[in-house]
Amino acid sequence: MSAMLQASGLTKEFKGFVAVNNVDLTVERGTIHALIGPNGAGKTTCFNLLTKFLQPTRGTITYDGRDITSMSAADIARLGLVRSFQISAVFDDLTVLENVRIAMQRRRGDSYDFWRSEVVLAQYDEEARGYVESVGLGDFLNHRAAELSYGRKRALEIATTLALEPEMLLLDEPMAGMAQADVDRISALIKRISEGRTILMVEHNLSVVADLSDRITVLARGEVLAEGDYDTVSKSPDVIDAYIGAGHD
Amino acid sequence: MSTSENTKVALPAMTHTVGMPRHQKIIFVLLLGVLLALPFMVYPVFAMKVLCFALFACAFNLLLGFGGLLSFGHAAYFGMASYVCAHAAKVWGLTPELAILAGTATAALLGLVIGSLAIRRQGIYFAMVTLAFAQMVYFFALQAEFTGGEDGIQSVPRNDLLGMFPMSDDLTFYFFVLAITYGGILFIYRITHSPFGQVLKSIRENEPRAVSLGYRVNRYKLMVFVLSATFAGLAGATKSQVFHLASLTDVHWTMSGEVVLMTLLGGMGTVLGPIVGAAVVVTMQNYLAYLGAWVTVIQGCIFVVGVLLFREGIIGVLSRILKKPL
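Since the structure is predicted, the reported quantities are computational estimates derived from the model, not experimental observations.

1. What to know about the overall build of chain A
Right, on to step 1. A count of helical and extended segments in chain A gives 9 helices and 10 strands.
Right, on to step 2. Dimensions of chain A, computed from C-alpha atoms along their principal axes, come out at roughly 65 × 40 × 35 Å.
Right, on to step 3. Taken across its 249 residues, chain A has 45% of its residues classed as buried.
Right, on to step 4. Sequence-distant contacts in chain A: of pairs separated by 6 or more residues, those separated by 24 or more amount to 66%.

Below, the structure written as structure tokens:
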């Protein structure tokens, strides 16, 4: 196995406050890697650094052997490293089909051609429909995304992400705000799409983490507390301390 | 008829429409019919004024309704283009189409400069930056030599079109203006229904997500900004040929406000909204002119009532009732 995404000495300071401190993280190719930790541990900051939505104060990030530390968020997406968002990120005013098509449109390169009719996008319709059906939204093809329920919006988001054919997915709390029925559905979906891909996810739902991930990194107060598979991590006294707070007695 | 039947059979069951929906085609044809008849029903100069402002509002709507960017300085492009066009026609003796082209190109360039600085900020800050630059353009127009300061550029000649066809008759010129504005409106429709337009809508709906899909959003924003400024300039340049005049009114910040009013009143993000909004506002200004300063008060009241009662604007409400994009 080789490293797909690697961060070393990753640090982010906000006006003197250190949100992420000297984090080393290696995500192996083809694995599902989870990033967990109590509230305020710096998971989201770390996630935003890795996806280049924030610029690190120090440290380097390499993706597939290439240094991406100074690249823009849009450019790393072009390399095949695609993120999702905590709050479902769909284009509300577009139809389900159009949502997926926006991602496929990237294959044409940049869409600066404002003089051409959108009819040229019809070439993606069949394939887009396939992605939509693969997440069980076939009946909603021409509905506006705004009309979908929360769980379905998340499914649409995944369909859109898959349409980019990313090599690596970064999922920010994919189960946040979801009912149990939806959790099981999305969980199965993640398992299915992980084939041939690398996934890094931030997640609160520990049963999902236990079920899905090959490797877990625990963050607390901006630093790496423990790393390993679920059994190792869940038995670590440091982790139990951080979660239950016994250390503060 | 038979061909459309055939294509229906040949295509697999496509549930969504490709290209312009039928009802919109009908609307565009009806619109053309109305506009062709208009100068025979009302004073041609008034009809041309409506056309110029309709194009101006459509240009603004391209930026606000589809790009999600609220510019508060669109008078800069409208006004500057009108000055350059007037100067080109009067001093350089250019024909109308070349003078208008010169004005439009100036607006595009100005849009490129201001836009590339403004898009670095978002929301209210973006609006403030565009307003600040528009004020700078206003003071430039007030101070510069060629703009004639308080007097503006007066008695601008309308030279022969292509150097061949006399345009001094208002009715004749109307059809030239109609060709420009109708063509402009169709082009703007195309922009919003192009691959570029799709990406633009996605940025409007959720910018971080568009970034995460690999779109360099600032380039799209700059592009729509320049396009919007260009069409605003086309409208302004044409207007100076219509009225034989370029004046400070066209670069004043109230002009920026007026185009916001037209667009919101008619329906932001709709195809017809800005045209209807412009027609309503211009008609009001013309037919209520005897009320003097009260026109502004009435305009203000209508705006307040509009925002409170029907936020989607006239066409927005109609579109919701008919369940069709208008």
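2. Quick look at the overall build of chain B
Right, on to step 1. In terms of regular secondary structure, chain B is built from 14 helices and 0 strands.
Right, on to step 2. Written out in order from the N terminus, the α and β elements of chain B read α-α-α-α-α-α-α-α-α-α-α-α-α-α.
Right, on to step 3. Summarising its shape, the C-alpha atoms of chain B cover approximately 60 × 45 × 40 Å along the three principal directions.
Right, on to step 4. Buried positions account for 49% of the 326 residues belonging to chain B.

3. Focus on the nonpolar core
Right, on to step 1. Ranked by internal contacts, the top residues of the largest apolar core, which has 174 residues, are A:Ala159, B:Leu55 and B:Phe56.
Right, on to step 2. Residues within four places of A:Ala159 in sequence aside, it is in contact with A:Val100, A:Tyr131, A:Val132, A:Ser134, A:Val135 and A:Leu137.

4. Some thoughts on the confidence of the model for chain B
Residues and elements named next belong to chain B.
Right, on to step 1. Taken residue by residue, chain B gives an average pLDDT of 89. The fraction at 70 or more is 94%.
Right, on to step 2. Ignoring residues within four places in sequence, the model shows residues 1-15, a span with pLDDT below 50, making 2 contacts including any to other chains.
Right, on to step 3. Predicted as a complex, the structure gets a pTM of 0.86 and an ipTM equal to 0.84.

5. A closer look at the sheet that holds strand 4 (residues 58-63) of chain A
Residue and element names in this part refer to chain A.
Right, on to step 1. Read across the open sheet, the 4 strands follow the order 2-1-4-5; overall the sheet is antiparallel. Sheet topology places strand 2 (17-28) and strand 5 (66-67) at the edges, where each strand pairs with a single neighbour.
Right, on to step 2. Examined bridge by bridge, strand 1 (residues 3-14) and strand 2 share 8 bridges and lie antiparallel to one another. Counted as the bridge partner of Ala 3 is Glu 28 from strand 2.

6. A look at the UniProt feature "transmembrane region" (unreviewed entry) in chain B
Residues and elements named next belong to chain B.
Right, on to step 1. Following the UniProt record, the feature "transmembrane region" (unreviewed entry) maps to residues 26-46, 53-78, 98-117, 124-141, 171-191, 222-239, 259-281 and 288-310 here.
Right, on to step 2. Helix makes up 74% of residues 259-281 and strand 0%, and the two end C-alpha atoms of the span are 9 Å apart.
Right, on to step 3. Regarding residues 288-310, the helix share stands at 70% and the strand share at 0%, and the terminal C-alpha atoms are separated by 23 Å.

7. Comments concerning the environment of A:Glu165
Residue and element names in this part refer to chain A.
Right, on to step 1. One can find Glu 165 in the loop between helix 5 (150-163) and strand 7 (168-172).
Right, on to step 2. In this structure Glu 165 comes out as partly exposed when scored by C-beta crowding, with 14 C-beta atoms within 10 Å.
Right, on to step 3. Between the alpha carbons of Glu 165 and Ser 149 there is a distance of 25 Å; along the sequence they are 16 residues apart.

8. What about the packing of helix 3 (residues 44-66) of chain B against helix 7 (residues 170-192) of chain B?
All names here are of chain B.
Right, on to step 1. Where helix 3 meets helix 7, the axes come as close as 9 Å, and the angle between the chain directions of the two elements is 15°. Our classification of the angle between helix 3 and helix 7 gives roughly parallel. Seen along the crossing, helix 3 lies across helix 7 with a hand that is left-handed. Contact residues: helix 3 offers Pro 44, Val 45, Ala 47, Met 48, Leu 51, Cys 52, Ala 54, Leu 55, Cys 58, Ala 59, Leu 62 and Phe 66, while helix 7 offers Asp 170, Leu 171, Tyr 174, Val 177, Leu 178, Thr 181, Gly 184, Ile 185, Ile 188, Ile 191 and Thr 192.
Right, on to step 2. Residues that form the contact of helix 3 with helix 7 fall into these classes: 19 nonpolar, 3 polar and 1 charged.

9. Quick word on the sheet that holds strand 9 (residues 215-220) of chain A
Residue and element names in this part refer to chain A.
Right, on to step 1. Spatially, 6 strands are ordered 6-7-8-3-9-10 in an open sheet, and the strand pairing comes out mixed. On the outer flanks of this sheet lie strand 6 (81-83) and strand 10 (223-228), each paired with one strand and no other. In this sheet, adjacent strand axes meet at a mean angle of 15° when their direction is disregarded.
Right, on to step 2. With 4 bridges connecting them, strand 3 (residues 32-36) and strand 9 associate as parallel partners. Note on strand 9: the bridge partner recorded for His 33 is Arg 215.

10. Quick word on the interface of chain A and chain B
Many authors give the size of an interface as the accessible area that is lost as the parts come together.
Right, on to step 1. On the side of chain B, 27 residues touch chain A, which itself brings 35 residues to the contact.
Right, on to step 2. Going through the elements one at a time, helix 2 (73-78), strand 6 and helix 3 (96-104) of chain A are the ones with two or more residues in the side of chain A that touches chain B.
Right, on to step 3. Looking at the side of chain A that touches chain B residue by residue, the classes come out as 20 nonpolar, 5 polar and 10 charged.

11. Thoughts on helix 11 (residues 253-266) of chain B
Residue and element names in this part refer to chain B.
Right, on to step 1. Under the 1.5 Å per step criterion, the end-to-end length of helix 11 is 20 Å for 14 residues, consistent within 8% with the ideal 20 Å.
Right, on to step 2. Counted residue by residue, helix 11 has 11 buried out of 14 residues, so it is predominantly covered.
Right, on to step 3. For helix 11, the set of buried residues is Met 255, Ser 256, Glu 258, Val 259, Val 260, Leu 261, Met 262, Thr 263, Leu 264, Leu 265 and Gly 266.
Right, on to step 4. Residues of helix 11 that are buried sit in contact with helix 3, helix 4 (75-90), helix 6 (123-143), helix 12 (273-287), helix 13 (294-309) and helix 14 (313-322).
Right, on to step 5. Gly 267 occupies a position one or two residues after helix 11 and carries a positive phi of about 130°.

12. Topic: unusual backbone geometry
Right, on to step 1. One non-glycine residue with positive phi stands out, namely A:Lys15, at about 45°.
Right, on to step 2. Looking at where A:Lys15 falls in the secondary structure, it is placed in the loop between strand 1 and strand 2.
Right, on to step 3. The exposed category is assigned to A:Lys15, around which 4 C-beta atoms lie within 10 Å.
Right, on to step 4. Not every positive phi belongs to a glycine, and B:Ser155 is a case in point at roughly 40°.
Right, on to step 5. Positionally, B:Ser155 belongs in the loop between helix 6 and helix 7.
Right, on to step 6. B:Ser155 gets classed as exposed once you count the C-beta atoms within 10 Å, which come to 8.

How each quantity is defined
- Residues numbered from 1 in each chain as written.
- Chains lettered and ligands numbered in written order.
- Predicted model: local features only at pLDDT ≥ 70, side-chain atom pairs only at ≥ 80, totals over all residues.
- Helix = DSSP H or I, 4+ residues; strand = E, 2+ residues; numbered from the N terminus.
- Buried ≥ 20, exposed ≤ 12 C-beta atoms within 10 Å, placed from the backbone.
- Contact = placed C-beta atoms within 7 Å.
- Core = buried A, V, L, I, M, F, W, Y, C linked by C-beta atoms within 7 Å.
- pLDDT = per-residue confidence, 0-100.
- Pairing = 2+ DSSP bridges.
- UniProt positions renumbered as here; feature names shortened; annotations may be inferred.
- Axes fitted to C-alpha atoms, helices over the stretch in contact; angles between N-to-C directions.
- Parallel < 35°, antiparallel > 145°, perpendicular 65-115°, else oblique.
- Left-handed = near helix turned anticlockwise from the far one by under 90°.
- Nonpolar A, V, L, I, M, F, W, Y, C, P; charged D, E, K, R; others polar.
- Expected span 1.5 Å × (residues − 1).

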